[in-house]
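Chains, contacts and geometry: an overview
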Amino acid sequence: MSQDKIIIFDTTLRDGEQSPGASMNLAEKLEVALALKDLGVDVIEAGFPIASPGDFEAVREIANTIHGPIICGLARCNPLDIDRAWEALKDNPKPRIHVFLATSAIHREFKLRMAKEEIVRRAVEGVKRAKGYCQDVEFSPEDAARTELDFLTEVVEKTIEAGATTINIPDTVGFAIPSQYGKVIAHLKKHVRGIERAVISVHCHNDLGLAVANSLEAVMEGAGQIECTINGIGERAGNAALEEIVMALKTRPDFFKVGTSINTKKILSTSRLVSHVTGIQVQRNKAVVGQNAFAHEAGIHQDGLLKERTTYEIMDPKDIGLAKTELVLGKHSGRHALKQRVEELGYHLDDKAFQTLFEEFKALADRKKEIYDADIEALAEARIHTGPSVWTLEAVTCNAGTGTIPSAVVALWDKDGNIVREASIGDGPIDAVFKTISKLTATQVTLKDFRLRSVSVGEDAQGEAHVEVEFQGKHLSARAVSTDIIEASALAFLQVINRVITRQAAVERIKPTAGLTET
Ligand code: KIV
Ligand code: ZN
């Protein structure tokens, strides 16, 4: 199958969400899905419906509300998984079921304890069952990059025969080297009977920092779909970064001769949104979307740039949506200017959420002279983060200093409108606040990460607190902003506690249909 456009399959909401601390609530997943649609991705892998009730709900909501891109759900090669995936996807006009089963000797022997014949049989059955539901079926031989080439060829051939329309070749553990991986794709193109009936896809992990290079090499050998994530988030070292792949194809058409349907001007806003929602910060020198990606420090470089931008810039920052100057808003800025900026920053708020944001913006403008993009992002964030609140903060005070035992007093509202108060001492003021909230809500979590940063510049800048906790083996995170950093910390911690409680309630309501230890 030859194409002039590479299909961009985004798995931020599935593989990306699997990275520790990156879990998102339903509202956040919907916001990201909407941003991915605006970005122009061809396929959104919305989740793994059998994995948990929350995953199922998210895939179903995305399938029901996001129309345009193909919406895909992941399933192992077994009837329960596939039926559940279809249940979540069935109301979307362009559904895809993605079934996978490991094929490498290591996975066959140690994880699955299955012979080659059994693998082929199950893979074929899985594809056929999915095909019974929809035309668009993708099959992934997991750990394909470490699978014997003749066996991989056989599995791919049989799954195409069974009806798979996309065959994905995952480098599950990031083991491949570009030229070797390219040869795998070339081999399949040459030796698999019926290969012209399927799109070859690639899915590369970044354990050796080669995910993007491997994906691009595969394109040179005829791959038609790339699976990737925003900011490269994903299991362990992550997946191939969407923004790097798209900008490589755009910057070097002379070499690749293929494009994508991505609206590159939305890259930066989508990257920021995913970073905010997941709490996973983008490294400063990250290609394309890092803070330094278009910053020039050396005098010689600055001189060259002033004479001709292309002397030191291979991409135009405007192409990824990086405006030259940041628009500064203030208390005289109107609703229209704010709305336009919120949308340019990649947020989709309904009228009610925007009205609340506008009121918060005016209140902030009374405390703070200049409102920067980061301030607006923080306010918009708070609007989309809001999951169901079991507890809300009424007041927090703390006492700390040299020679003092740090202590905190917290007052919370419960969901029935009752106020409760408690005090604790701690190792520091933040520890005392968190201990008090844990006591009041009777919820014990293990704090894994706590970070504070200023969201914009100036003495009156807002502080943003990021909290990550572990609860029953799952990492959950939340962020909050305020001009008072103690309040920001309390709000972020309380948000994470609310998530834990809501999650627990959902788990109690719907018990998962299957465990995820075996394929
Ligand atoms: O890395 C991997 O192999 C996967 C598959 C499920 C496609 O994520
Ligand atoms: Zn993966």
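Residues numbered from 1 in each chain as written. Chains lettered and ligands numbered in written order. Predicted model: local features only at pLDDT ≥ 70, side-chain atom pairs only at ≥ 80, totals over all residues. Heavy atoms only, no water.

1. A few points about the overall build of the protein
This is how the line gets drawn: The numbering of helices and of strands both runs from the N terminus, where a helix is a DSSP run of H or I of at least 4 residues and a strand a run of E of at least 2. Restricting the calculation to C-alpha atoms gives the radius of gyration, and the globule rule supplies 2.2 Å times the number of residues raised to the power 0.38. Between two residues, a contact is recorded if the distance between any of their heavy atoms is within 4.5 Å. In short, Shrake-Rupley with a 1.4 Å probe defines the accessible areas, and a residue's cover is counted only from the protein chains shown. Positive charges are assigned to Lys and Arg, negative charges to Asp and Glu, while His and the chain termini are left out of the count. A charge is said to be at NZ when it belongs to Lys, at CZ for Arg, at CG for Asp and at CD for Glu.
Tallying secondary structure elements over the protein gives 17 helices and 14 strands in all. Here the C-alpha radius of gyration of the protein, 24 Å, is about what a compact globule of 519 residues would show, namely 24 Å. Projecting the C-alpha coordinates of the protein onto the three principal axes gives extents of approximately 75 × 65 × 45 Å. Once local pairs closer than 6 in sequence are excluded, the contacts in the protein between residues at least 24 apart make up 67%. Roughly 22700 Å² of accessible area belongs to the protein as shown, and the carbon and sulfur atoms make up 53% of that amount. Taking the average place of the 62 positive charges on the side chains of the protein and the average place of its 74 negative ones, the gap between the two points comes to 2 Å.

2. Here we look at the coordination of the zinc ion (ligand 2)
Rules: Distances decide who is a donor: an N, O or S atom must be within 2.8 Å of the metal, or within 3.2 Å for Na, K and Ca. Water is not included, so sites may look incomplete. Burial classification: accessible surface area is computed with a 1.4 Å probe over protein chains only, and a residue below 20% of its type maximum counts as buried, one above 50% as exposed, and the rest as partly exposed.
Listed as protein donors to the zinc ion (ligand 2) are Asp15 (OD), His203 (NE2) and His205 (NE2); their distances from the metal cover 2.0 to 2.1 Å. Between consecutive donor residues of the zinc ion (ligand 2), the sequence gaps follow D-x187-H-x1-H. His205 shares its class with His203; the two are buried.

3. As for the nonpolar core
Proteins that are soluble and globular tend to have nonpolar side chains buried together. Threshold: Within this scheme, the nonpolar core is defined by two criteria: the residues are buried Ala, Val, Leu, Ile, Met, Phe, Trp, Tyr or Cys, and they are joined through side-chain atoms within 4.5 Å. Each domain span listed reflects an automatic or database assignment of domains.
One finds Val99, Phe139 and Ile169 to be the most contacted residues of the largest nonpolar core, which totals 110 residues. With 7 residues, helix α14 (residues 351-367) is the largest single contributor of residues to this core. Both domains that meet at this core, namely domain 1 (7-278) and domain 2 (327-385), each give it at least three residues. For Val99, the contacting residues outside a window of four places in its chain are Ala75, Arg76, Cys77, Ile82, Gly126, Val127, Ala130, Val137, Glu138, Phe139 and Ser140. Grouped together as the second largest cluster of nonpolar side chains are 30 residues, Leu393, Val467, Val469 and Ala492 included.

4. Brief notes about the site of ligand 1
Operational definition: The criterion for a residue being near a molecule or strand is simple. One of its heavy atoms has to lie within 4 Å of it. Each polar contact in these results corresponds to two N or O atoms within 3.5 Å; when the atoms are within protein, one needs to be able to donate a hydrogen and the other to accept it, and residues that are neighboring in sequence are counted only if both atoms are side-chain atoms. Classification convention: Asp, Glu, Lys, Arg as charged; Ala, Val, Leu, Ile, Met, Phe, Trp, Tyr, Cys, Pro as nonpolar; all other residues, Gly among them, as polar.
Taken together, Arg14, Asp15, His98, Phe100, Ser140, Glu142, Asn168, Pro170, Thr172, His203 and His205 form the complete shell of residues around ligand 1. Take Asp15: an N or O atom from its side chain is 3.1 Å from an oxygen atom of ligand 1. Note that an oxygen atom of ligand 1 is positioned 2.6 Å from one of the side-chain N or O atoms of Thr172. For ligand 1, whose accessible area on its own is 260 Å², the fraction buried by protein is 94%. Within the residue set of the shell around ligand 1, elements represented by two or more residues are β4 (95-102), β5 (137-142) and β6 (166-171). Of the residues assigned to the shell around ligand 1, the class counts are 2 nonpolar, 6 polar and 3 charged.

5. Topic: the confidence of the model for the protein
Inclusion rule: Within a predicted model, pLDDT stands for the predictor's per-residue confidence, ranging from 0 to 100.
Taken over all residues, the pLDDT of the protein has a mean of 91, while the share at 70 or more is 95%. Scored below 50 in pLDDT, residues 511-515 makes 7 contacts in the model with residues more than four places away or belonging to other chains.

6. Observations concerning empty space enclosed by the protein
To keep things clear, this is the line we draw: Here the term cavity refers to a set of points on a 1 Å grid, laid over the protein atoms alone, in which a 1.4 Å probe fits but cannot get out; the term pocket refers to an open set having protein on both sides within 12 Å along at least five of seven lines, with lining residues being those that place an atom within 4 Å of a point. Grid points are joined across faces, edges and corners, and a volume is the space filled by probe spheres set on the points.
Taken as a whole and assessed by the stated rule, the structure comprises 1 cavity of 30 Å³ or more. As for the largest cavity, its lining consists of Leu39, Ile230, Leu242, Glu243, Ile267, Thr270 and Ser271. Listing elements by their share of the lining of the largest cavity, those giving two or more residues are α9 (242-251) and α11 (267-278). By residue number, the principal contributor to the lining of the largest cavity is α11, which donates 3 residues. Of the residues that constitute the lining of the largest cavity, the class distribution is 4 nonpolar, 2 polar and 1 charged.

7. Some details on the domain arrangement of the protein
Filter applied, for reference: The salt bridge definition used is simple: a Lys or Arg side-chain nitrogen within 4 Å of an Asp or Glu carboxyl oxygen.
Entries for the protein in the domain assignment read domain 1 (7-278), domain 2 (327-385) and domain 3 (391-505). In this structure, domain 2 and domain 3 have C-alpha centres spaced 24 Å apart. In this complex, domain 2 contributes 10 residues to the contact, which on the side of domain 3 involves 11 residues. There are 0 salt bridges connecting domain 2 and domain 3.

8. Section: the pairing of strand β11 (residues 419-425)
Taken residue by residue, a regular strand's side chains alternate between the two faces of the sheet. To keep things clear, this is the line we draw: In this scheme, strands are said to pair when DSSP sees at least two bridges between them.
Judged from the 7 bridges that link them, strand β10 (residues 407-413) and β11 form a sheet pairing that is antiparallel. Directly across from Val410, in β11, lies its bridge partner Glu422. What sits between β10 and β11 in their antiparallel hairpin is a turn of 5 residues, with Gly417 showing a positive phi close to 85°.

9. Remarks on the state of the cysteines
Here is the rule: Any pair of cysteine sulfurs within 2.5 Å is marked as a disulfide.
Inspection of the entire model under this criterion finds 0 disulfides. No disulfide involves Cys72; its sulfur sits 8.9 Å from that of Cys134, the nearest cysteine.

10. Topic: the packing of helix α2 (residues 53-65) against helix α3 (residues 79-89)
Condition: Fitting a line to C-alpha atoms yields each axis, with helices limited to the stretch in contact; the angle taken between N-to-C directions then spans 0 to 180 degrees. Here roughly perpendicular refers to angles of 65 to 115 degrees, roughly parallel to angles under 35, roughly antiparallel to angles over 145, and oblique to all remaining angles.
One can describe the packing of α2 onto α3 by two numbers: an axis separation of 7 Å at closest approach and a directional angle of 40°. Between α2 and α3, the crossing angle belongs to the class labelled oblique. On α3, the residues touching Phe56, Val59, Arg60 and Ala63 of α2 are Arg84, Glu87, Ala88 and Leu89. Counted by class, the contact of α2 with α3 contains 5 nonpolar, no polar and 3 charged residues.

11. Observations concerning the environment of Ala480
As for its placement among the helices and strands, Ala480 is situated in strand β14 (residues 474-482). By relative accessible area, which is 11% here, Ala480 ends up buried. Linking Ala480 and Leu379, residues 101 residues apart in sequence, is a C-alpha distance of 9.1 Å. Filtering out sequence-adjacent residues up to four positions away, Ala480 remains in contact with Gly463, Glu464, Ala465, Ala488, Leu491 and Ala492.

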